[in-house]
Amino acid sequence: PSVNDREKRVSLVNVEGFFNRKKGRVNEGEGAAIVKEIKRRYKDTQLKNQSIGVVTFNISQQTLIEDLLQEEFDKWANGEGENLFVKNLENVQGDERDVILFSIAFGPDEEGKLSLNFGPLNKEGGWKRLNVAVSRARSEMVVFSTMTADMIDLKRTKSKGVESLKNFLEFAQKGKLQR
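Residues numbered from 1 in each chain as written. Predicted model: local features only at pLDDT ≥ 70, side-chain atom pairs only at ≥ 80, totals over all residues. Heavy atoms only, no water.

Visitor: Explain the overall build of the protein here, please?
Guide: Helix and strand content of the protein: four helices and five strands. When the helices and strands of the protein are placed in sequence order, the string is β-α-β-α-β-β-α-β-α. Put simply, 76% of the contacts in the protein that link residues at least 6 apart link residues at least 24 apart. Accessible area of the protein: about 9,700 Å², with a carbon and sulfur share of 46%. (Helix = DSSP H or I, 4+ residues; strand = E, 2+ residues; numbered from the N terminus. Contact = heavy atoms within 4.5 Å. Areas by Shrake-Rupley, 256 points an atom, 1.4 Å probe, with all protein chains shown as cover.)

Visitor: Explain the pattern of salt bridges here, please?
Guide: Opposite charge on two side chains makes pairing possible when the charged atoms of those side chains draw close. Here the structure, examined in full by the defined rule, presents nine salt bridges. Among the salt bridges present, the one from Lys23 reaches Glu28, with a minimum N-O distance of 2.8 Å. Of the residues examined, Glu28 reaches a relative accessible area of 41% and is grouped as partly exposed. As a salt-bridge pair, Glu90 and Arg129 come within 2.4 Å of each other at their nearest N and O atoms. Here Glu90, found in the loop between strand 3 (85-88) and strand 4 (97-103), pairs with Arg129, found in helix 3 (residues 126-134); they are 39 residues apart in sequence, far enough to count as distant. (Salt bridge = Lys/Arg side-chain N within 4 Å of Asp/Glu carboxyl O. Buried < 20%, exposed > 50% of the residue type's maximum accessible area, 1.4 Å probe, protein only.)

Visitor: What is the right way to read helix 3 from this model?
Guide: Because each turn of an α-helix spans 3.6 residues, side chains separated by three or four positions end up pointing in the same direction. Among all positions of helix 3, only Gly126, Leu130, Val132 and Ala133 are buried. In a view along the axis of helix 3, the buried residues occupy a sector of 155°, so they form one face of it. If you follow the buried residues of helix 3, they end up packed against strand 2 (52-56), strand 4, strand 5 (137-145) and helix 4 (160-174). (Arc of directions from axis to C-beta.)

Visitor: What exactly am I supposed to notice about the environment of Gly29 here?
Guide: With respect to the element layout, Gly29 can be found in helix 1 (residues 28-43). Considering only alpha carbons, one finds Gly29 and Gly17, twelve residues apart in sequence, at a separation of 4.6 Å. Beyond its immediate stretch of four places on either side in the chain, Gly29 contacts Val15 and Glu16.

Visitor: Can you help me understand unusual backbone geometry in this one?
Guide: Although it is not a glycine, Arg25 sits at a positive phi angle of roughly 60°. The topology assignment puts Arg25 in the loop between strand 1 (9-14) and helix 1. Residue classification places Arg25 among the partly exposed positions, given a relative accessible area of 32%.

Visitor: Got a minute to help me understand the side chain of Asn20 in this structure?
Guide: For Asn20, the location among the structural elements is in the loop between strand 1 and helix 1. Under the relative-accessibility criterion, Asn20 is labelled buried at 14%. Those residues in contact with Asn20 that lie beyond four places of it in its chain are Arg25 and Val26.

And the structure:
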């Protein structure tokens, strides 16, 4: 069946790694997992026909993934059809692809501590930025995260954006919203 005939899918890949605030605010584990997934899709005879976009929460994670893709990126970003892109929340608006690989980046640090500071997501209207990211996929979104929904304690924050992230991770993890 064509992409449009299938139901839209959202899934979560729980990645080994941590959010490194000290070394550029990146999550190398998620970056490596996304690059591995892109390579897998481009080698698969069926999947290689689906356009791919990568969305990250911050520009540091965007740059990390671009660097990890280095050699292949030029080929995939300048090929035929809809090219591969790697963008962050600030510059992805209006772009769509069949498949979006979404790097949360934020998560527990090396010591396992989770800061509930998710940058622009914490600010007033931050949930709108998350909405922009999650609405870029035509048929499938694969979320890469070292953090799971149950790690986010909403008693520690009043941010609607953080609450939206928790709900989104839960949805990606379980396939449905828990109420």
